[in-house]
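Topology and contacts: notes
Spelled out, the chains give:
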Amino acid sequence: NKVYFFERPCRQKWNDRSVPPPKDSIRQHVFDCSNVREIHSIENEIPTHGGYHYSSTAIEWYHLLKEMQQYRECGTFNPHVSLEDGLRAVELGIEATSKLVNDLEEDDE
């Protein structure tokens, strides 16, 4: 559960863009998201569940259940992402999983 952020070097450190940048010019930031208490302030409200969750996170479950409760109480439902964004995220996950499987199969050959 880490997010890697790579910062592209500026023109001063990488002026010839026809070749890869010098390794010392690339800045990497790693955000560890595995400890919910350090990232979010809702750790006591996050639902726990066992079994498979198909790559959804506890935070996503928190927001979904919160919106479902609001719908029951008020009749309004305001999702955090659009249906199109959700479907695209699923497509990306399927594509990534397929790529991993194909890469593993190629390595076995």
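Structure: above.
Described in the following lines is the structure provided in the data block. (Residues numbered from 1 in each chain as written. Predicted model: local features only at pLDDT ≥ 70, side-chain atom pairs only at ≥ 80, totals over all residues. Heavy atoms only, no water.)

Here the focus is the overall build of the protein chain. From N to C terminus, the protein chain includes 3 helices and 2 strands. Helices and strands in the protein chain line up, N terminus first, as β-β-α-α-α. Relative to its 109 residues, the protein chain shows a buried fraction of 8%. Pairs at least 24 residues apart make up 25% of the contacts formed inside the protein chain by residues separated by at least 6 positions. (Helix = DSSP H or I, 4+ residues; strand = E, 2+ residues; numbered from the N terminus. Buried < 20%, exposed > 50% of the residue type's maximum accessible area, 1.4 Å probe, protein only. Contact = heavy atoms within 4.5 Å.)

With that settled, consider the pattern of salt bridges. Under the criterion given, the structure shown has 2 salt bridges. Salt-bridge contacts for R88 lead to E91; the nearest nitrogen and oxygen are separated by 3.1 Å. Residue R88 and its partner E91 are both found in helix α3 (residues 83-108); the two are separated by 3 residues, about one turn of the helix. Judged by its relative accessible area of 38%, R88 is partly exposed. Its relative accessible area of 40% is what places E91 among the partly exposed residues. Where E95 meets R88, a salt bridge forms, and the shortest distance between an N and an O atom there is 3.5 Å. With a relative accessible area of 45%, E95 lands in the partly exposed category. (Salt bridge = Lys/Arg side-chain N within 4 Å of Asp/Glu carboxyl O.)

On to a nonpolar patch on the surface. Judged by side-chain polarity, W61, L64, L65, M68, Y71 and F77 come together as a nonpolar surface patch covering roughly 540 Å² of accessible area. Locating Y71 in the fold gives a position in helix α2 (residues 58-74). What makes Y71 partly exposed here is its relative accessible area of 48%. (Patch = residues over 30% accessible without salt bridge, like charges linked within 9 Å, V, L, I, M, F, W, Y side chains within 5 Å. Areas by Shrake-Rupley, 256 points an atom, 1.4 Å probe, with all protein chains shown as cover.)

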